[in-house]
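Descriptive structure summary
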Amino acid sequence: MATNITTRAKDYSQWYLDVIAAGDMADHSPVRGCMVIKPHGYGIWELIRDQLDARFKATGHVNAYFPLFIPMSFLAKEAKHVEGFAMECAVVTHSGLEQDGKGGLRPKGQIEEPLIVRPTSETIIGHTYAQWIQSWRDLPLLINQWANVVRWEMRTRLFLRTMEFLWQEGHTAHETADEAQTETLQMLDVYTEFAENVLAIPVVRGEKSAAERFAGAERTYCIEAMMQDGKALQSGTSHNLGQNFSKAFDIKYQTRDQKVEHVWTTSWGVSTRLIGGVIMTHADDEGLVLPPAIAPIVVAIVPIYRKDEEREAVLAYAKGLMAQLVGGAVAARAVGGSEIMSSVLPGSGRRVVLDLRDGLRPPDKFFHWEQRGVPVRIEVGPRDLQNGKAVVVTRVNREKSIVDAPKLTRAWLDATLATQQQALLDRARAFRIARTFAVDTYEDFRARLDGGGFFLMHWDGTAATETRIKEETKATIRCIPSDNILDSAAGPVDMRATGTDPVSGQASKGRVIFARAY
């Protein structure tokens, strides 16, 4: 058992931080609440980014970039929006620095209008769209941006909640309300498919309650994932903004029948929080476990030899296996001097590495790659060379097998990684279903809530009942599946079944998921 990682059973929060440290993913920044994403962690984000970006472009979206700084007056134009983000805004009030006469520095000149450091971009994009959109021929406008945002947080945790984080935010404009709603649900579908097929995280999707709605939106939809401690993690949101922002920023267009109308807009986004979700869904007490689709390193080959005269032959054998796995000649580069050789797996952006480090025992090398979540480890020594074999260890279940060397091809690797990817999704879905409970009394719900899980309870749809439950239990209502968005994997419970709200005694509008949330 890893001695540098606290077990989940002992302290789940510390376990999470230990996994990040052991996996060499991120460090705390000297700026409170911010983080430094290390190469291994950023490599995961790059794979997430690139695969999401391909999906966005496949649905007709293009990328652009908008300013980091937003005039404060822009936020004031949409009342609900400014109210929702006011407490999270970082504000720039001065330009330049000067000596303070005491050996230090102080702000120099106060600027005419304070600038907000981007918490989200609806306002500045709304201002820009008003300049770009003139007629129906300019619609739909389908734009995404990859950027950083700043939200002033009091309690932070690496990847899950930091003052500055990386994300994408899509912003679209449409001719009709129906088109905007179609876009909103389409992007929710994109997030759902990505979460399940790339991150191996099963999600429940649905419309959030009015109290949980994005500030300034008409409707907010989200995907929710269950973490190993039974808490919910909001993993993506898609908002139908109606005409709220187009009216605030006067985004008008000439219609096909020569009238003037405000556009209908949407916004949607996911962030580096997804990496936190991957950790809390898949990692174990030995360290990081990565779905192969987002693993920067998919194979680590570890040569084993005791005598100098064995070294050359074993290394040549290991390099031959590396060539087989990448499907041809190895275009390897040294990383860290000549101690680790790395070759890109063609067409995937992921890598196969050969661990040549001297002075480290083989178990230490195994431990190194295991804690970084590398899906496949291949061990080769003199006996393997003699027998034409290799020892293969998979990270998902830590199973060890002996494989004939000629079978270790790119096709074998792709099949092995696909099997691991599916195994992670199946395991996470089984866990979620086992921890999803239908509760018919408020007393039963409250008694079981601290144990974690998703609780499906009838709800009358009123804010008063929602507020009472939040105040009494500190729980968060997360998704309300609507008639056209039902998650078939939520369990055997009919989400639209008639019943009675156990809190108010009023007729139910369907079951709602309650859960303690991150």
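To keep things clear, this report deals only with the structure shown in the data block. Being a predicted model, the structure only gives us computed values, none of them experimental. (Residues numbered from 1 in each chain as written. Predicted model: local features only at pLDDT ≥ 70, side-chain atom pairs only at ≥ 80, totals over all residues. Heavy atoms only, no water.)

Concerning the sheet that holds strand β7 (residues 141–150)
Pairing in this open sheet of 7 strands is mixed, and the strands run β3-β7-β8-β14-β11-β10-β9 from one edge to the other. The two strands at the open ends of the sheet, each matched to only one other strand, are β3 (62–63) and β9 (204–207). Relative to β7, β3 runs parallel, the two sharing 2 bridges. From the neighbouring strand, Val 62 faces β7, where its bridge partner is Ile 143. The strands that helix α8 (residues 273–282) touches are β10 (219–226), β11 (232–242) and β14 (264–271); relative to β11, the one it contacts most, it runs at about 145°. (Pairing = 2+ DSSP bridges. Helix = DSSP H or I, 4+ residues; strand = E, 2+ residues; numbered from the N terminus. Contact = heavy atoms within 4.5 Å. Axes fitted to C-alpha atoms, helices over the stretch in contact; angles between N-to-C directions.)

Structural notes on the pairing of strand β6 (residues 105–117)
Here 3 bridges tie strand β4 (residues 69–71) to β6, and the two strands are oriented antiparallel to one another. Bridged to Ile 70 within β6 is Ile 116. Once strand β5 (residues 90–99) ends, the chain turns through 5 residues before running back antiparallel as β6, passing Gly 101 with a positive phi of about 80°.

A word on the packing of helix α2 (residues 39–58) against helix α6 (residues 177–197)
Interhelical geometry of α2 versus α6 gives an angle of 140° and a closest axis separation of 11 Å. It follows that α2 is oblique to α6 by the angle criterion. When you trace α2 past α6, the crossing you get is right-handed. Each of Ile 48, Gln 51, Leu 52, Arg 55 and Phe 56 in α2 lies in contact with α6, whose residues at this interface are Met 187, Val 190, Tyr 191, Glu 193 and Phe 194. The residue makeup of the contact of α2 with α6, split by class, is 7 nonpolar, 1 polar and 2 charged. (Parallel < 35°, antiparallel > 145°, perpendicular 65-115°, else oblique. Left-handed = near helix turned anticlockwise from the far one by under 90°. Nonpolar A, V, L, I, M, F, W, Y, C, P; charged D, E, K, R; others polar.)

Overview of the sheet that holds strand β22 (residues 436–438)
Ordered by their spatial adjacency, 4 strands build an open sheet running β22-β23-β25-β24, and the pairing between neighbours is mixed. Looking at the sheet topology across the chains shown, the edges are occupied by β22 and β24 (476–479). Neighbour to neighbour, the strand axes of the sheet diverge by 35° on average, direction disregarded. Inspection of the sheet shows β24 paired to strand β25 (residues 511–515) by 3 bridges, in the antiparallel sense. Note on β25: the bridge partner recorded for Cys 479 is Ile 513.

Topic: the nonpolar core
Among the nonpolar cores identified, the biggest contains 78 residues, and Ile 48, Phe 159, Ile 279, Ile 301 and Ile 378 are the most heavily contacted of them. No other element matches the 8 residues that helix α9 (residues 308–326) contributes to this core. The residues touching Ile 279, leaving out its near neighbours within four places in the chain, are Trp 15, Tyr 16, Val 19, Ile 20, Met 25, Phe 159, Gln 228 and Leu 288. Core analysis: the next-biggest nonpolar cluster, separate from the first, contains 25 residues, Phe 74, Leu 241, Phe 245 and Ile 251 among them. (Core = buried A, V, L, I, M, F, W, Y, C linked by side-chain atoms within 4.5 Å. Buried < 20%, exposed > 50% of the residue type's maximum accessible area, 1.4 Å probe, protein only.)

As for the state of the cysteines
Here the structure, examined in full by the defined rule, presents 0 disulfides. Looking at the unpaired Cys 89, the closest cysteine sulfur is the one in Cys 34, lying at 15 Å. (Disulfide = S-S within 2.5 Å.)

Describing the packing of aromatic side chains
Note on aromatic pairs: each is described by the distance of the centres and the angle between the planes. Applying the stated rule across the entire model yields 15 aromatic pairs. Ring geometry for Trp 45 against Trp 146: centres 6.0 Å apart, planes inclined by 75°, an arrangement best described as edge-to-face. Of the two residues, Trp 45 is situated in helix α2 and Trp 146 in strand β7; the sequence distance between them amounts to 101 residues. Neither residue differs from the other here; Trp 45 and Trp 146 are each classed as buried. Relative to Trp 132, the ring of Tyr 129 lies with its centre 5.9 Å away and its plane at 35°, an arrangement referred to as tilted. Taken as a pair, Tyr 129 and Trp 132 lie in helix α5 (residues 122–132) at a separation of 3 residues, close to a single helical turn. In this structure Trp 132 comes out as partly exposed when scored by relative accessible area, which is 43%. In this structure an aromatic cluster arises from ring pairing among Trp 45, Phe 56, Trp 146, Tyr 191 and Trp 268. Directly above the ring of Tyr 518 sits Lys 231, whose terminal nitrogen or CZ lies 5.1 Å from the centroid. Arg 448 extends its terminal NZ or CZ atom over the ring of Phe 437, reaching a point 4.3 Å from the ring centre. (Phe/Tyr/Trp six-rings, centres within 6.5 Å; stacked < 30°, edge-to-face > 60°. Lys NZ or Arg CZ within 6 Å of the ring centre and 35° of its normal.)

Some words on unusual backbone geometry
Cis geometry marks the peptide bond from Leu 139 to Pro 140; its omega dihedral reads -5°. Mapped onto the fold, Pro 140 is located in the loop between α5 and β7. Backbone geometry places Ala 200, a non-glycine residue, at a positive phi of 60°. Here Ala 200 shows up in the loop between α6 and β9.

Overview of the pattern of salt bridges
Evaluation of the coordinates by the stated rule reveals 29 salt bridges. A salt bridge links Lys 208 to Glu 212, with the shortest nitrogen-to-oxygen separation between them at 4.0 Å. The exposure class of Lys 208 is buried, given its relative accessible area of 7%. By relative accessible area, which is 18% here, Glu 212 ends up buried. With a shortest N-O distance of 2.7 Å, Asp 355 and Arg 357 are connected by a salt bridge. Among the residues examined, Arg 357 registers a relative accessible area of 13% and is labelled buried. A network of salt bridges, in which partner residues are shared, links Lys 208, Glu 212, Glu 466 and Lys 470. (Salt bridge = Lys/Arg side-chain N within 4 Å of Asp/Glu carboxyl O.)

Observations regarding the environment of Glu 98
Tracing the sequence through the fold places Glu 98 in strand β5. C-alpha separation for the pair Glu 98 and Lys 108, spaced 10 residues apart in sequence, amounts to 5.6 Å. In contact with Glu 98, not counting residues within four places along its chain, are Gly 104, Leu 105, Arg 106, Pro 107 and Lys 108.

Thoughts on the side chain of Thr 465
Relative to the elements of secondary structure, Thr 465 occurs in helix α14 (residues 463–473). Side-chain polar atoms of Thr 465 contact the side chain of Thr 462, separated by 3.0 Å. Apart from the residues lying within four places of it in its own chain, the contact partners of Thr 465 are Trp 459, Asp 460, Asp 501, Val 503 and Ser 504. (Polar contact = N/O pair within 3.5 Å; in protein donor to acceptor, adjacent residues only side chain to side chain.)

Overview of the packing of helix α1 (residues 12–22) against α8
Put simply, α1 and α8 touch, their axes get as near as 11 Å, and they point 115° apart. It follows from the interaxial angle that α1 and α8 lie roughly perpendicular. Like other packed secondary-structure pairs, α1 and α8 cross with a definite hand, here right-handed. Contacts between α1 and α8 involve Tyr 12, Trp 15, Tyr 16, Val 19 and Ile 20 from the first element and Gly 276, Ile 279 and Met 280 from the second. By residue class, the composition of the contact of α1 with α8 is 7 nonpolar, 1 polar and no charged.

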